[in-house]
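Notes for the structure review
Next come the chains, spelled out residue by residue.
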Amino acid sequence: MKKALPITIGVIFLLGILTSWVAPSIVRSYICNNGHDILGRKIQIDDLRANIFTGAISMEGLTVYEEDGVEPFIHLFSAETNLSMLHLLAGVIDLEMLQLNYLDVKIQQRDTVFNFTDILQRFSEELSAEEDETGFPLVIRDIALNKSSIHYQDLLVRSNIGINDINLHIPGIDLRDLVSNMG
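Read on for a plain summary of the structure. In this text the structure is predicted, and so the values were computed from the model without any measurement.

Digging into the packing of aromatic side chains
Using the criterion set out here, one finds three aromatic pairs in the structure. Where Phe73 meets Phe116, the ring centres are 6.3 Å apart and the plane angle is 25°; that geometry is what we call stacked. One end of the pair, Phe73, is in strand E3 (residues 72-83); the other, Phe116, is in the loop between strand E5 (113-114) and helix H4 (117-130), with 43 residues separating them in the sequence. Seen from their ring centres, Phe114 and Phe116 are 5.2 Å apart, and the 25° between their planes marks the pair as stacked. Phe114 gets classed as partly exposed once you look at its relative accessible area, which sits at 29%. A network of ring pairs unites the aromatic residues Phe73, Phe114 and Phe116 as a single cluster. If you follow Arg41 out to its NZ or CZ, it ends over the ring of Phe73, 5.4 Å from the centre. Looking at Lys42, its charged tip hangs above the ring of Tyr65, at a distance of 4.6 Å from the centre.

So, the pattern of salt bridges
In this structure the tally under the stated criterion is six salt bridges. With a shortest N-O distance of 2.7 Å, Asp94 and Arg141 are connected by a salt bridge. With Asp94 in strand E4 (residues 93-110) and Arg141 in strand E6 (residues 138-154), the pair connects residues that are 47 residues apart, well separated along the chain. Residue class for Asp94 comes out buried when judged on its relative accessible area of 2%. A relative accessible area of 36% places Arg141 in the partly exposed class. Asp104 is paired through a salt bridge with Lys106; the nearest N and O atoms lie 3.1 Å apart. Accessibility expressed as a relative area gives 18% for Asp104, which makes it buried.

Observations regarding the nonpolar core
By size, the foremost hydrophobic cluster in this structure holds 16 residues, and its most contacted members are Ile43, Ile45, Met59, Leu62, Val64 and Leu76. Taken together, the elements giving at least two residues each to this core come down to strand E1 (43-51), strand E2 (56-65), E3 and E4. Ignoring sequence-local partners within four residues, the contact set of Ile43 consists of Ile31, Cys32, Gly35, Leu62, Thr63 and Val64. In this structure, Leu83, Leu95, Leu138 and Ile140 belong to the second largest nonpolar core, which totals six residues.

Considerations on the pairing of E3
Here nine bridges tie E2 to E3, and the two strands are oriented antiparallel to one another. Looking across to E3, one finds that Leu62 is bridged to Leu76. Between the end of E2 and the start of E3, which pair antiparallel, lie six residues, with Gly69 showing a positive phi angle near 80°. The pairing of E3 with E4 spans nine bridges and is classified as antiparallel. Bridging from a neighbouring strand, Leu83 pairs with Leu95 of E4.

Describing unusual backbone geometry
Residues other than glycine seldom take positive phi values, yet Lys147 does so here, at roughly 50°. Counting through the fold element by element, Lys147 comes out in strand E6. Residue classification places Lys147 among the partly exposed positions, given a relative accessible area of 43%. Phi is positive for Asp165, which is not a glycine, with a value near 55°. Within the secondary structure layout, Asp165 lies in strand E7 (residues 159-174). The class for Asp165 is partly exposed, based on a relative accessible area of 48%.

Conventions we followed
Residues numbered from 1 in each chain as written. Predicted model: local features only at pLDDT ≥ 70, side-chain atom pairs only at ≥ 80, totals over all residues. Heavy atoms only, no water. Phe/Tyr/Trp six-rings, centres within 6.5 Å; stacked < 30°, edge-to-face > 60°. Helix = DSSP H or I, 4+ residues; strand = E, 2+ residues; numbered from the N terminus. Buried < 20%, exposed > 50% of the residue type's maximum accessible area, 1.4 Å probe, protein only. Lys NZ or Arg CZ within 6 Å of the ring centre and 35° of its normal. Salt bridge = Lys/Arg side-chain N within 4 Å of Asp/Glu carboxyl O. Core = buried A, V, L, I, M, F, W, Y, C linked by side-chain atoms within 4.5 Å. Contact = heavy atoms within 4.5 Å. Pairing = 2+ DSSP bridges.

Right, here's the structure in full:
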């Protein structure tokens, strides 16, 4: 009986390490191979890491391409988050911290259509089909956007607006209810 406890703890620890090592590569591969099914766009992720014990998740090199699959629509150099494992057991996705570094977004508009209109339509159709009245159990605390940029281009009037070096800190967002208390 005394030997069974250390062996059980060792097996759980080994399974946790194996999961932390294997699961991110499976998730990364799935997202990259099924980007068109998920988002209607080609998606590339250079590296994805996770630690099942601490809830730490980090990603490097996320690119979401335009519909043509060649030009980048969104590029994110790196992202880090800490998922609260205790809240996850209660059914709430609680990100204790979310940090996005060097996010670059390219927005194009032609008349009333934007280069992301297809993505919005895709998700609005899915949400209206589900008709979820309970809200999404998501809490994000300590949100940081570092050294980021937004480039806007109106293709009809040929105007360009670029906002560079955006640094933003938001204390938190709670989306557990349909009405979010942002105040």
